[in-house]
Amino acid sequence: MRRLNPMPSCRFPHLQIRGWVPDRVPRMLVALLAALLVFPAFGEAQGASGGTRDIPTPAAHFGHEIGAEGELATWHELLAYYEAVAAASPRVTLDTLGLSTLGEPFVKLVITSPENHARLDRYREVQHLLADPRRISGNEELEDLLDEGRVVALITSHIHSTEVGAGQMPASLLHRLASSSDAAVAEILDQVITVLIPSLNPDGTQMTSQWWREHRGTAFEGAPLPRLYHHYIGHNNNRDWYFFAQKETRMTVLGAHNSWRPQIVHDVHQMGSGGARYFLPPYIDPVEPNVDPLILAALNQLGTYMTAEMTKDGYQGIVTNAIFDIFTPARAYMHYHGGVRILSETASAAWARPVDLPFEGLGGDRNYDARVMSSNFPAPWPGGRWGLDDIVDYMEAGAMALLTNAAKNRRFWLENFHEIHRRAVTGDGWASWPAAWIIPAEQENEAGVEQLLRVLTTADVEIRQAPAGITGDGRRFPAGSYVISMRQPYAAFAQTMLEAQEYPDLRQYPGGPPIRPYDATAHSLPLLFGVEAVPVDATTREALSDPIPTFEAFSFPVPAHLMGEEAPRIGLYRAYQEPMPEGWTRWLFDRAGIRYDPLTNQDLQAGGLEARYDVIVFQDQSPSSIRNGFSAGIMPPPYAGGIGDAGESALRRFLEAGGRIVAIDEATDWAAEAFDLGVRSATADLAPEDFYIPGSILRLDLDAGHELARGVPAKTMAWYWRTSRAFEITDPDAVVVGRYGEGDPRLAGWVLGAEAVAGKPALVEVPVGAGSVVLFGYQPNFRGQTVASWPVFFNALRRR
């Protein structure tokens, strides 16, 4: 049982009144009494909570309850339900923000009382006034706004498509909010405007449900998908909240975050099945230093309240202050826009099938043990059956606890939201930021500057131009330079994007292994984009423009050799164990207009590659995954297996005939093994306490005379990811094109054991027959962000 106090088992629990025995009451009378108790008088139901009689139930619409074993509704079915509820309920409106990457409707639901719906435009205006205190005339107007406003809570779900419960739960939550006459729901509807995005990845919601149904009841039920569940970036779609590369990210940021300015964002996820049943904040350290302490305190109290509320109601296995940190802004746009991010992670099952988990088999993660009661894990789960119904139940209970807190603390949330932004616009508070940042005009890397402007303006950072130039800290910047005042509502976002990160040296014990960050430790856009941005403490008074509009366009510095009829014929290996960096490479090629063919195992095994391609790219992928792929017992044909001996033989013939293979990060190990290259990783045998770089920006020195460095500054940057490496070379014919910087090569992030890579080869070309293999020890296209590395990557895409 998931609860300590389960609900009564009687079909009509309202009839469990002392002295009544429902089974002895005539069936029609029971039904009539139940209807009267469940549905109040018509006038009452049509009051502040809105009409509820004609709201379709999930069971009636889908033919099963949400969370039923073996059942996953598709996106098309879910969308039809959301449309039906919106059509029937005065509490709900549905808006299509656009189309997803693969053309599915991307929708937003707004749920609140009919009275609030009648004043939605005004409530949105109140949100924007509280978010920019410069527009409020004084304390009297502020008090009126605080009295008038409503808490805006944005709930986003199912960004990760194999977390299937997150795709189903919104239908159940929507039905409750749209139909219930419960007093607690009425309070939520009156005090809170709930903005619900039921799927942040409709393509993946449809894809996973179809895959489940295709293999349900077979030996391959629950098999992994043979493609990324977001067309381009898979799981990385929750790492795009400051680069805004994908359509779904931009629609959410522009159509929900920027449009509504939510005080609270609830991001609904699933995690592994073997530990806690449910995670809520507080998070573990470190905290990104530009997050306002008021946000930290608010999210801590909200997460703790939710834990207490759910534990009171009998939910067990809830852990806080564990597993997840909040250093990277890649998952936390709202922390730089006045809102708190409540990440919830519910334990998974076997897709839509339950699992049986004995208590003694449960494990733990950072900062807790699932078998031991502790201050951050007060009620261990005793083990047993865990299914999709449990997942949906926990998720919905968490959402209701969050909305209850928002409703009961409306004034706090509005006051806190206003104070965060007041501190930002006045500089009266906790941060020690410069007076301004200046992006100089006339930089050579125009594409990098345009990318920087796109990111910052998408996040509503105010940027003005100095038409006659400006002086900052004694330096004169040319006409047309961009000026970012750090006395503005979203200065925190500008600061974290523009400065170089200093990640703390966190160890499991003194001198011991590092404490693994949840994600990357660096995100400085000037370094990633290869542009200059200068912090200044004082500027001269100069005429400045109005804030520039949102910069929509992506800019891709594609060299001439990749365009036109003479462009090289490029193949990109697309495995059935598809790695996310390969998807990001497809995204880059597609957006930049670079022609290529995705190549499957079968394409490579067929041979004849030398007649069809000049360059073949292998993105970051392990040798075993490339060579062997999925085993036949896991995946149905044709998805089992890798390129095998036949594929490697065909690729060797391709090289010997003059082709070029570009291998990146871990794929360099495969290339070195497959083609007998005298190159190996220089860091493979090092213990983590001696060497660890979990996503940082390093200096890179290039051989300016080599064709791969053509048109690129001799000193640039390299993104060093967990699968990156420096090389040791024994092949006398290998050519070193780039080395990590001497001394301390770190530009931003965390580097433990810098001497293991300092001055070592990072980019190498090795001849094979008439062709060559180019080995990138670093990632030249990390999540689409490493604009400064694109030119070297593009140069590698040349005919020999």
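Residues numbered from 1 in each chain as written. Predicted model: local features only at pLDDT ≥ 70, side-chain atom pairs only at ≥ 80, totals over all residues. Heavy atoms only, no water.

Undergrad: If you had to explain the overall build of the protein chain to someone new, which residues and values would you point to?
TA: Of regular secondary structure, the protein chain possesses 23 helices and 32 strands. A total of 800 residues make up the protein chain; the buried ones form 60% of that total. In the protein chain, the share of contacts with a sequence separation of at least 24, taken over all contacts with a separation of at least 6, comes to 79%. One way to put it: in the protein chain the 67 positive side-chain charges average out to a point 3 Å from where the 95 negative ones average out. (Helix = DSSP H or I, 4+ residues; strand = E, 2+ residues; numbered from the N terminus. Buried < 20%, exposed > 50% of the residue type's maximum accessible area, 1.4 Å probe, protein only. Contact = heavy atoms within 4.5 Å. Lys, Arg positive; Asp, Glu negative; His and termini not counted. Charge placed at Lys NZ, Arg CZ, Asp CG, Glu CD.)

Undergrad: Residues and numbers for the sheet that holds strand β2 (residues 105-111), please.
TA: Pairing is mixed across the open sheet formed by eight strands, whose spatial order is β1-β2-β4-β3-β5-β10-β6-β8. Edge positions in the open sheet fall to β1 (92-99) and β8 (318-319), since each of these has one partner strand only. Bridge count between strand β3 (residues 151-157) and strand β4 (residues 192-197): six bridges; the pairing is parallel. Each residue of the ladder has a partner; that of valine 152, found in β4, is isoleucine 193. Across the sheet, helix α11 (residues 247-260) lies against β1, β2, β3, β4 and β5 (264-271), angled at about 20° from β2, the strand it touches most. (Pairing = 2+ DSSP bridges. Axes fitted to C-alpha atoms, helices over the stretch in contact; angles between N-to-C directions.)

Undergrad: Describe in detail the sheet that holds strand β19 (residues 481-485), supporting the description with residues and values.
TA: Think of a sheet as strands paired side by side through backbone hydrogen bonds, with each pair either parallel or antiparallel. Strand order in the open sheet made by the four strands is β16-β19-β15-β20, with antiparallel pairing throughout. Lying at the two open borders of the sheet, with one neighbouring strand each, are β16 (464-466) and β20 (534-536). Ignoring which end each strand starts from, the neighbouring axes of this sheet average 35° apart. As paired elements, strand β15 (residues 436-439) and β20 share three bridges and run antiparallel to each other. Looking across to β20, one finds that isoleucine 438 is bridged to valine 534. Sitting on the sheet, helix α15 (residues 446-458) touches β15 and β19, and the angle it makes with β15 is about 145°.

Undergrad: Which residues make up the packing of aromatic side chains, and what are the values?
TA: Enumeration according to the criterion identifies 45 aromatic pairs in this entry. An angle of 75° between the planes, with centres 5.8 Å apart, marks the rings of phenylalanine 554 and tryptophan 587 as edge-to-face. Of the two residues, phenylalanine 554 sits in the loop between β20 and β21 (570-573) while tryptophan 587 sits in helix α18 (residues 580-592), which places them 33 residues apart along the sequence. The same class applies to phenylalanine 554 as to tryptophan 587, namely buried. Sitting above the plane of the tyrosine 123 ring, arginine 119 keeps its charged end 5.0 Å from the centroid. (Phe/Tyr/Trp six-rings, centres within 6.5 Å; stacked < 30°, edge-to-face > 60°. Lys NZ or Arg CZ within 6 Å of the ring centre and 35° of its normal.)

Undergrad: Give me the side chain of arginine 454: which residues, what numbers.
TA: Structurally, arginine 454 is set in helix α15. Notably, arginine 454 is buried but unbridged: the nearest opposite-charge side chain belongs to aspartate 240, and the N-O separation is 6.9 Å. Excluding anything up to four places from it in sequence, arginine 454 contacts Phe243, Phe244, Arg250, Phe551, Glu552, Ala553 and Phe554. (Salt bridge = Lys/Arg side-chain N within 4 Å of Asp/Glu carboxyl O.)

Undergrad: Please set out unusual backbone geometry residue by residue, giving values where relevant.
TA: Proline 281 connects to proline 282 through a cis peptide bond whose omega is 10°. By secondary structure assignment, the location of proline 282 is in the loop between β6 (278-279) and β7 (284-287). Cis rather than trans, the peptide bond between aspartate 285 and proline 286 has omega equal to 5°. Inspection of the secondary structure assignment puts proline 286 in strand β7. Positive phi outside glycine occurs at aspartate 460, with the angle close to 65°. Looking at the secondary structure, you find aspartate 460 in the loop between α15 and β16. Even without a glycine there, the phi angle at arginine 783 is positive, about 50°. Mapped onto the fold, arginine 783 is located in the loop between β32 (771-776) and α23 (790-796).

Undergrad: Describe helix α9 (residues 183-191), listing the residues and the values that go with them.
TA: Taken as a whole, α9 has its buried residues at Val185, Ile188, Leu189 and Gln191. N-cap assignment for α9: the residue whose side-chain oxygen lies 2.9 Å from the backbone N of alanine 184 is aspartate 182. (Polar contact = N/O pair within 3.5 Å; in protein donor to acceptor, adjacent residues only side chain to side chain.)

Undergrad: Now, about the pattern of salt bridges: what can you tell me, with residues and values included?
TA: Oppositely charged side chains are able to pair whenever their charged atoms sit close together. As enumerated under the stated definition, the model contains 46 salt bridges in all. Two residues, arginine 122 and glutamate 125, come together in a salt bridge whose shortest N-O distance is 3.0 Å. Of this pair, arginine 122 and glutamate 125 both sit in helix α6 (residues 120-131), three residues apart, which is roughly one turn of that helix. The exposure class of glutamate 125 is partly exposed, given its relative accessible area of 38%.

Undergrad: Go over the pairing of strand β29 (residues 735-740), please, and point to the residues and values.
TA: Both strand β26 (residues 696-702) and β29 contribute to a ladder of three bridges, which runs antiparallel. Paired with leucine 702 across the bridge in β29 is glycine 738. Examined bridge by bridge, β29 and strand β31 (residues 761-768) share four bridges and lie antiparallel to one another. By the bridge assignment for β31, arginine 739 is matched with proline 761.

Undergrad: Give me the nonpolar core: which residues, what numbers.
TA: Residues Leu456, Ile484, Phe493, Trp587, Val662, Phe776 and Leu797 are the most contacted members of the largest nonpolar core, which totals 213 residues. Top element by residues in this core is helix α13 (residues 388-408). It accounts for 13 residues. Once you skip the residues sitting within four places of it in the chain, valine 662 turns out to touch Val615, Ile616, Val617, Phe618, Val774, Phe776, Phe793, Ala796 and Leu797. Counting 31 residues, the second largest nonpolar core, distinct from the first, contains Tyr613, Ile616, Trp670 and Phe675. (Core = buried A, V, L, I, M, F, W, Y, C linked by side-chain atoms within 4.5 Å.)

Undergrad: For the packing of α6 against helix α7 (residues 139-148), give the residues involved together with the corresponding values.
TA: The N-to-C vectors of α6 and α7 enclose an angle of 130°; their axes lie 10 Å apart at closest approach. If you check the angle between α6 and α7, you find them oblique. Our pair here, α6 against α7, has a crossing hand that is left-handed. Contact residues: Arg122, Tyr123, Val126, Leu129 and Leu130 in α6; Glu141, Leu142, Leu145, Leu146 and Glu148 in α7. Class assignment of the residues belonging to the contact of α6 with α7 gives a composition of seven nonpolar, no polar and three charged. (Parallel < 35°, antiparallel > 145°, perpendicular 65-115°, else oblique. Left-handed = near helix turned anticlockwise from the far one by under 90°. Nonpolar A, V, L, I, M, F, W, Y, C, P; charged D, E, K, R; others polar.)

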